[in-house]
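Residues per chain, in single letters:
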Amino acid sequence: MDSDLDSPYGYDAFRRTCPSHTVLETLASKWVYLVVCALRQGRQRNGELARKLEGITPKMLTQTLRVLERDGLVRREVFAVVPPRVEYELTELGQNLAGLLNQIRSWSEQHVPDIKEARARAAAVNEGEWAA
């Protein structure tokens, strides 16, 4: 495709100036990916997400949820109770994305042995190069 206008959506991610790059940058985040997949199971509170996503810091979880809310993928609902209760859920757009990401997650889990084997072969080749 020669220009953004040639794309069926009016954008061409292969173009350096295409606005879709910012979307791809967001989606490339491991935490964005995992939060969206976790929320596919339904509405959850911050603490529930933190327990599910082993290794995420509170700061990173908050930043990730804010980005997802900003981009219209997550809806945040604050309940006027003491202490305040906040719940997060995917919007329709987020649900659409979650279906795609779930397929990628399944593929990655299915092919872990293949990838580990390829990495081991590559490491063996690299070790052989160092020894020579």
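The structure we're discussing is the one just above.
For every chain, the first residue of its written sequence is number 1, and the numbers climb from 1 along that sequence. The predicted nature of this model means local features are confined to residues of pLDDT at least 70 and side-chain atom pairs, given and counted, to a pLDDT of 80 or more, with totals for whole chains, interfaces and linings taken over all residues. Side-chain measures were taken over the full set of non-hydrogen atoms in the model, leaving aside hydrogen atoms and water.

**Quick word on the packing of helix 2 (residues 30-39) against helix 5 (residues 92-110)**
In this analysis an axis means a line fitted to C-alpha atoms, helices contributing only their contacting stretch, and an angle means the value between N-to-C directions, from 0 to 180 degrees. Secondary structure counts use DSSP, requiring at least four H or I residues in a row for a helix and at least two E residues in a row for a strand, with both numbered from the N terminus. Their axes nearest at 9 Å, the elements helix 2 and helix 5 cross at an angle of 110 degrees. Put simply, helix 2 runs roughly perpendicular to helix 5. The residues of helix 5 that touch helix 2, namely those facing Y33, V36 and C37, are G94, L97, A98, L101, N102, I104 and R105. By the convention adopted, Pro, Cys, Tyr, Trp, Phe, Met, Ile, Leu, Val and Ala count as nonpolar, Lys, Arg, Asp and Glu as charged, and the other residues, Gly among them, as polar. Per-class residue counts for the contact of helix 2 with helix 5 are 7 nonpolar, 2 polar and 1 charged. Here the word oblique covers every angle except those under 35 degrees (roughly parallel), over 145 (roughly antiparallel) and from 65 to 115 (roughly perpendicular). Whether two residues are in contact is decided by their heavy atoms, any of which lying within 4.5 Å being enough.

**Here we look at the side chain of E89**
Here E89 lies in strand 3 (residues 85-90). We define a polar contact as two N or O atoms separated by no more than 3.5 Å, with the added condition that, inside protein, one atom must be a possible hydrogen donor and the other a possible acceptor, whereas residues neighbouring each other in sequence contribute only through side-chain atom pairs. Of the polar contacts made by the side chain of E89, one reaches the side chain of R43; its length is 2.9 Å. The residues contacting E89, other than those within four sequence positions of it, are L39, R43, L73, V74 and R75.

**Thoughts on the environment of L53**
With respect to the element layout, L53 can be found in the loop between helix 3 (46-52) and helix 4 (58-70). Along the primary structure L53 and G99 are separated by 46 residues, whereas in three dimensions their C-alpha atoms are 18 Å apart. Dropping the residues within four chain positions of it, L53 is found in contact with W31, L34, V35, A38 and L61.

**Brief notes about the pairing of strand 2 (residues 74-79)**
The sheet contact formed by strand 2 and strand 3 spans 6 bridges and is antiparallel. In the strand pairing of strand 3, V78 is matched with V86. If you look at the hairpin formed by strand 2 and strand 3, you'll find 5 residues sitting between the two strands. Any two strands with at least two DSSP-identified bridges between them are counted as paired.

It is worth stressing that arrangement in space is one thing and function is another; only the former is reported here.
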